[in-house]
Amino acid sequence: MIIVLNGYPGVGKLTIGRELTSMISGRLLDIHSVYNIAFALTEFKSPEFMETIEKIEAIAHDLIRALPAEVPVVLTTVLAGSSDWGDAEWQRIVRLGHERPPLLVVHVHCDLDENIRRIEAPGRGAKRKPQDADMARRNHAGAQPLAGTDEANLLRLDVTGLSPTEAATEIATWAQKAPA
């Protein structure tokens, strides 16, 4: 089982993912675990950056494939709109999900005020996570559709008023009912 938590920065994907993996005895691959090496050692969006991401992701996906089939894996990502890079990255996730079915996609979102509160939270910068309230405003104003809208197993989850535990519980309950 692959559960993809897709949403804009600051909606709570990592926090929810940690709770969820604990509940379902799974593993978590956060987008920042993949991207932080590229952020540290290359120029953002340069060819070297993209190549680094693809190499790290390939290693991670190979390790996921090697896990026992009964071990669920939660991935977090921010993939929206359409671009060659984003489309290719989404297709790699879809392939992985088809190799370790079912592929479950959760679109995580919250209202703007909550998104700003979360994105400005202390500690995000130390993890190389965006902390810019204007980014949240731009994302809400010009939100592109999140990748995965056409997947058979899709849950749209507004986490504005939910604690991470409540959100993870909703996802875990939904995942249990998903067809294999």
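Residues numbered from 1 in each chain as written. Predicted model: local features only at pLDDT ≥ 70, side-chain atom pairs only at ≥ 80, totals over all residues. Heavy atoms only, no water.

Q: Before we go on, may I ask you to explain helix 5 (residues 112-119) in this structure?
A: Each turn of an α-helix holds 3.6 residues, which means side chains three or four residues apart point in the same direction. For helix 5, the complete set of buried residues consists of E114, N115, I116, R118 and I119. Buried-residue contacts for helix 5 involve helix 6 (133-141). Backbone nitrogen of D113 and a side-chain oxygen of the N-cap are separated by 3.4 Å at the start of helix 5; the cap is D111. (Buried < 20%, exposed > 50% of the residue type's maximum accessible area, 1.4 Å probe, protein only. Helix = DSSP H or I, 4+ residues; strand = E, 2+ residues; numbered from the N terminus. Contact = heavy atoms within 4.5 Å. Polar contact = N/O pair within 3.5 Å; in protein donor to acceptor, adjacent residues only side chain to side chain.)

Q: How should I be thinking about the environment of F39 in this particular structure?
A: The topology assignment puts F39 in helix 2 (residues 31-41). By relative accessible area, F39 is classed as partly exposed at 30%. The sequence separation of F39 and G123 amounts to 84 residues, and the corresponding C-alpha distance is 17 Å. Setting aside anything within four residues of it in sequence, one finds F39 in contact with F44, F49 and R128.

Q: Even after reading the chapter, I still don't get the layout of surface pockets, so can you show me in this structure?
A: If a probe the size of a water molecule is rolled over the atoms, the empty space left behind becomes visible. A volume near 200 Å³ is recorded for the second largest pocket. For the second largest pocket, the lining is made up of 13 residues, of which Y8, V108, H109, A143 and L146 are closest to its centre. Listing elements by their share of the lining of the second largest pocket, those giving two or more residues are strand 4 (103-109) and helix 6. In terms of residue count, the dominant contributor to the lining of the second largest pocket is strand 4 (3 residues). Classifying every residue of the lining of the second largest pocket gives 6 nonpolar, 6 polar and 1 charged. (1 Å grid on protein atoms, 1.4 Å probe; cavity = no way out; pocket = protein on both sides within 12 Å on 5 of 7 lines; lining within 4 Å. Points joined across faces, edges and corners; volume = space filled by probe spheres on them. Nonpolar A, V, L, I, M, F, W, Y, C, P; charged D, E, K, R; others polar.)

Q: What should I look at first to understand the environment of E151 in this one?
A: Secondary-structure assignment places E151 in the loop between helix 6 and strand 5 (154-158). The sequence separation of E151 and V105 amounts to 46 residues, and the corresponding C-alpha distance is 7.2 Å. Excluding its chain neighbours within four sequence positions, the residues that come into contact with E151 are W90, V94, H98, L103 and V105.

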